[in-house]
Amino acid sequence: MSRRRLHLLTCLALLAAPPAPARAQLSAVVPKVKPSIVVVGSWRDTDNPRLGFRGTGFVVGDGRRVLTNAHVLPEAAASEATAPLAIGLPRGRGRGADARRATLLALDRAHDLALLAIEGPPLPALALSTAREVAEGTEVAFTGFPLGDALGYAPVTHRGIVSAITPAVLPTASSQQLSNQAIRQLRDGPFDLYQLDATAYPGNSGSPVYDAASGEVVAVLNMVFLKAGRESALTAPSGISYAIPIVHALELLRRAPATAPGGAPQPSPAPAQ
């Protein structure tokens, strides 16, 4: 075989090889993201387990703030007419979580976002993107707790791309299919969501969606497309998820009070069992 022909075949082989940089970058980013992922739940000393799982959150700002979805919180959380809010710090490999008391600091139901204040030493915070919009085709990942305590409190990462930018209110066949959240969005005005070609599960709500290369958070995961009833999220996942652009969370952080209502934080709960 001539040297020129060998060189040509080598070039063709390099062109045909699948690109690997994004995969290598994500493997370096995930370990940096995981320490900022927390369990969001409620706390009752009489419950077993005492930390009641509700969804995922992630640490931002000064390390004492947690972003999550508004729908993750109990409906009565704002009036404190329910069990106190708490966040859980995973112990690793699904072996439970240590709990800290949390207080609702700011709420944006129109964009399904909530900001919690937590007590104790600051935790590693994730960097938030300042871009107004993420381009379609951007490779992203999200880390959270799919299926919650059923799988244990070990953060799990899924990856995909921003496959579309779509209105927040999805089309429905009839008005009877409109949820309370959809009705609120219609009333408050439309805004765009990122549609992801990634499979999310119950428990992933509130997960940070971040750029797979830089680790900067670009959105907050808040819902999945269901083929049928809620059970289909497990039995026949659509592989289509939606996330709220981080610009709305940045606005929530900007207008949030510096301290939670009620003054000094209460003592921390004991570690969850």
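None of these values were measured; they are calculated from a predicted model. (Residues numbered from 1 in each chain as written. Predicted model: local features only at pLDDT ≥ 70, side-chain atom pairs only at ≥ 80, totals over all residues. Heavy atoms only, no water.)

Draft legend 1. Examining the pairing of strand E8 (residues 156-167) more closely. In this sheet, E8 lies alongside strand E7 (residues 139-144) in antiparallel orientation, the contact comprising six bridges. The residue bridging Gly144 from the neighbouring strand is Val156, located in E8. Where E8 lies against strand E9 (residues 192-196), five bridges are found, and the strand directions are antiparallel. Residue pairing across strands places Ala164 opposite Gln195, the latter belonging to E9. (Pairing = 2+ DSSP bridges. Helix = DSSP H or I, 4+ residues; strand = E, 2+ residues; numbered from the N terminus.)

Draft legend 2. Representation of unusual backbone geometry. The backbone phi angle of Asp112 is positive, close to 55°, even though this residue is not glycine. Here Asp112 is to be found in the loop between strand E5 (97-108) and strand E6 (113-118). Despite not being glycine, Leu147 shows a phi value in the positive range, around 70°.

Draft legend 3. Up close: the packing of aromatic side chains. Counted under the stated rule, the structure contains two aromatic pairs. Ring geometry for Phe145 and Tyr153: centres 6.2 Å apart, planes at 85°, overall edge-to-face. Neither residue differs from the other here; Phe145 and Tyr153 are each classed as buried. Through a chain of ring-to-ring contacts, the aromatic side chains of Phe53, Phe145 and Tyr153 assemble into a single cluster. (Phe/Tyr/Trp six-rings, centres within 6.5 Å; stacked < 30°, edge-to-face > 60°. Buried < 20%, exposed > 50% of the residue type's maximum accessible area, 1.4 Å probe, protein only.)

Draft legend 4. A look at the environment of His158. In this structure, His158 sits in strand E8. Between the C-alpha atoms of His158 and Ala141, which are 17 residues apart in sequence, the distance is 5.5 Å. Excluding its chain neighbours within four sequence positions, the residues that come into contact with His158 are Ala141, Phe142, Pro146, Thr199, Tyr201 and Asn204. A polar side-chain atom of His158 sits 3.3 Å from the main-chain carbonyl oxygen of Thr199. (Contact = heavy atoms within 4.5 Å. Polar contact = N/O pair within 3.5 Å; in protein donor to acceptor, adjacent residues only side chain to side chain.)

Draft legend 5. Local environment of the pairing of strand E10 (residues 208-211). Bridge analysis of E7 against E10 gives three bridges, and the strand direction is antiparallel. Counted as the bridge partner of Ala141 is Tyr210 from E10. Here E10 runs beside strand E11 (residues 217-224); their pairing, made up of three bridges, is antiparallel. Residue pairing in the sheet places Val209 in a bridge with Ala219 of E11. Two successive antiparallel strands, E10 and E11, enclose a turn made up of five residues, where Gly215 displays a positive phi of approximately 85°.

Draft legend 6. How the structure looks around the sheet that holds strand E12 (residues 241-245). Around the barrel, six strands lie side by side as E7-E8-E9-E12-E11-E10; this closed barrel has antiparallel pairing. When the angles between neighbouring strand axes are averaged without regard to direction, this sheet yields 45°. Relative to E12, E11 runs antiparallel, the two sharing five bridges. Residue pairing for E12: Met223 is matched across the bridge by Tyr242. Lying over the sheet, helix H5 (residues 246-255) contacts E11 and E12, oriented at roughly 40° with respect to E12. (Axes fitted to C-alpha atoms, helices over the stretch in contact; angles between N-to-C directions.)

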